[in-house]
Amino acid sequence: MSRYWSDVVQGLTPYVPGEQPKLANLVKLNTNENPYGPSPRVLAAIAAETSDNLRLYPDPNADRLKAAIAAYHQIDASQVFVGNGSDEVLAHAFMALLRHPAPLLFPDISYSFYPVYCGLYGIEAVTVPLDAQFGICVDDYIGRANGGIIFPNPNAPTGRLLPLGDIERLLQANSGSVVVVDEAYVDFGGESAIGLINRYPNLLVVQTLSKSRSLAGLRVGFAAGHRDLIEALERVKNSFNSYPLDRLAIAGAVAAFEDEAYFRDCRARVIASRETLLQGLQQLGFDVLPSAANFVFARHPQRDAAELARRLRERSIIVRHFSLPRIDQFLRITVGTDEQCAALTSALTEIL
Ligand code: PMP
């Protein structure tokens, strides 16, 4: 720690991103990336933008991208905010909409960036335990004083999905603060809450192109919600960085929304591999939670998760394990290609 650091920085506990090792021939199933590359149309759009326009500043409002997202989700472009990955969109939402004297509610367990943003912005966090099946129970949030509610749907790292009807019940009972639904993984098995934004002015839905559209490296995320909420996010953005998305990100993201066939095909392949992986793990004796995401959450009743992760790593297969209370025996395994999933299950067969 340096004496030049501000008090705020001295008190921060930053998020530690998942490992990005550079080993060749690695089966990398630790950070929920898509095993398939982005659409060829995305690559062509980025190449064209690279050769023609990098000299110029990007559009600070990313209007083309907002129009593409709005058309895809059948909403108005004024209901869309875009940012440099959904992490940045979430950070702005914490600052603009969730920073109130009353505490912010979110599940325990959930995305580990939420407490980090609370630390950064001085927001009091109150966590709400998951139910016995590791699901979110909306009744546990209803009637509690709060300055906002946030949860991923499907939840991370469990992969469990909250039905849209439950989200609507929560919105009806909780009109006094903003409810943020973080849909990073929704395309792999959930129904988006974006269809509800015209009915609930306190609903903000956040999505990313990192997972289902294979663009984690491009850093594009967005939020959909009532114009008032979007305006608050724009105010924070324009007080921070007027050009959050560069020209390549805008061009690539627009092209991603234009290639619906590629998106559907890629998603279907991941979902099919997930089911095969899930069954393979069950046959090896794992308890696996039902997953609506591109990862599975599994524990073996007789084997230590940290030890399993270590032994997989010796075989060049990288997964996540958790050392938190209640979930310390779980592995979180990203759904890879069929070949990668088969490599994982055969390595586990040897280890067990
Ligand atoms: N929300 C959740 C629940 C996530 O797991 C992630 C990925 N780590 C994100 C948001 C952020 O994704 P990105 O910044 O790549 O859009």
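Conventions adopted
Residues numbered from 1 in each chain as written. Predicted model: local features only at pLDDT ≥ 70, side-chain atom pairs only at ≥ 80, totals over all residues. Heavy atoms only, no water. Core = buried A, V, L, I, M, F, W, Y, C linked by side-chain atoms within 4.5 Å. Buried < 20%, exposed > 50% of the residue type's maximum accessible area, 1.4 Å probe, protein only. Helix = DSSP H or I, 4+ residues; strand = E, 2+ residues; numbered from the N terminus. Contact = heavy atoms within 4.5 Å. Expected span 1.5 Å × (residues − 1). Polar contact = N/O pair within 3.5 Å; in protein donor to acceptor, adjacent residues only side chain to side chain. Pairing = 2+ DSSP bridges. Axes fitted to C-alpha atoms, helices over the stretch in contact; angles between N-to-C directions. pLDDT = per-residue confidence, 0-100. Near = heavy atom within 4 Å. Areas by Shrake-Rupley, 256 points an atom, 1.4 Å probe, with all protein chains shown as cover. Nonpolar A, V, L, I, M, F, W, Y, C, P; charged D, E, K, R; others polar.

Novice: What is the right way to read the nonpolar core from this model?
Specialist: In summary, soluble globular proteins display a tendency toward joint burial of nonpolar side chains. Ranked by internal contacts, the top residues of the largest apolar core, which has 53 residues, are Leu 65, Phe 151 and Leu 203. A per-element tally of this core places helix H8 (residues 247-258) first, with 7 residues. Not counting residues within four places of it along the chain, the set of residues in contact with Leu 65 comprises Val 82, Val 220, Leu 245, Ile 250, Ala 253, Val 254 and Phe 257. Listed in part, the 33 residues of the second largest apolar core include Tyr 36, Ala 156, Cys 266 and Ala 293.

Novice: Got a minute to help me understand unusual backbone geometry in this structure?
Specialist: The phi angle of most residues is negative, glycine excepted, and most peptide bonds adopt the trans form. In the segment running from Asn 153 into Pro 154, the intervening peptide bond is cis, with an omega of -5°. Omega for the peptide link from Ala 156 to Pro 157 comes to 10°, which places this bond in the cis form. Tracing the chain through its elements places Pro 157 in the loop between strand S5 (148-152) and helix H6 (164-173). Positive phi, close to 55°, is recorded for Gln 74, a residue that is not glycine. On the secondary structure map, Gln 74 appears in the loop between helix H3 (63-73) and strand S2 (80-83). The backbone of Ser 214 shows a phi angle near 60°, a positive value even though the residue is not glycine. Mapped onto the fold, Ser 214 is located in the loop between strand S7 (203-208) and strand S8 (221-225).

Novice: Looking at this structure, how should I read H8?
Specialist: An α-helix turns once per 3.6 residues; consequently, residues spaced three or four apart project the same way. The end-to-end C-alpha separation of H8 is 17 Å, in line with the 16 Å expected for 12 residues at 1.5 Å each. With 10 of its 12 residues buried, H8 lies for the most part within the structure. For H8, the complete set of buried residues consists of Arg 247, Ala 249, Ile 250, Ala 251, Gly 252, Ala 253, Val 254, Ala 255, Ala 256 and Phe 257. Contact partners of the buried residues in H8: helix H2 (40-53), H3 and S8. For H8, the side-chain oxygen to backbone nitrogen distance between the N-cap and Leu 248 is 2.9 Å, and the N-cap itself is Asp 246.

Novice: Please clarify how the sheet that holds strand S13 (residues 330-334) should be interpreted in this entry.
Specialist: The strand order S9-S10-S13-S12 describes an open sheet built from 4 strands, whose pairing is antiparallel. Edge positions in the sheet fall to strand S9 (287-288) and strand S12 (320-321), since each of these pairs with one other strand and no more. In the sheet, S9 pairs with strand S10 (residues 295-299) via 2 bridges, with the strands oriented antiparallel. Among the inter-strand pairings, Val 288 is bridged to a residue of S10, identified as Ala 298. Along the sheet, helix H9 (residues 260-283) makes contact with S9, S10 and S13, crossing S10 at roughly 5°.

Novice: Just to check I follow, could you spell out the confidence of the model for the protein chain for this structure?
Specialist: Any residue range with low pLDDT should be treated as having predicted coordinates unsuitable for detailed reading. When pLDDT is averaged along the protein chain, the result is 96, and 100% of the positions lie at 70 or above. No element of the protein chain has a lower mean pLDDT than helix H1 (residues 7-10), at 90, and none a higher one than S8, at 99. Across the interfaces of the predicted complex, the ipTM metric reaches 0.99, alongside a pTM of 0.97.

Novice: Looking at this structure, I do not really get the site of the ligand. What am I missing?
Specialist: Contacts to the ligand come from 13 residues, most closely from Ser 86, Tyr 185, Thr 208, Ser 210 and Arg 219. At 2.7 Å, a side-chain N or O of Asp 182 approaches a nitrogen atom of the ligand. Protein chains bury 91% of the 400 Å² of accessible surface belonging to the ligand in isolation. Element by element, the count of residues in the shell around the ligand is highest for helix H4 (residues 85-97), at 4 residues. Taken together, the residues of the shell around the ligand break down into 5 nonpolar, 4 polar and 4 charged.

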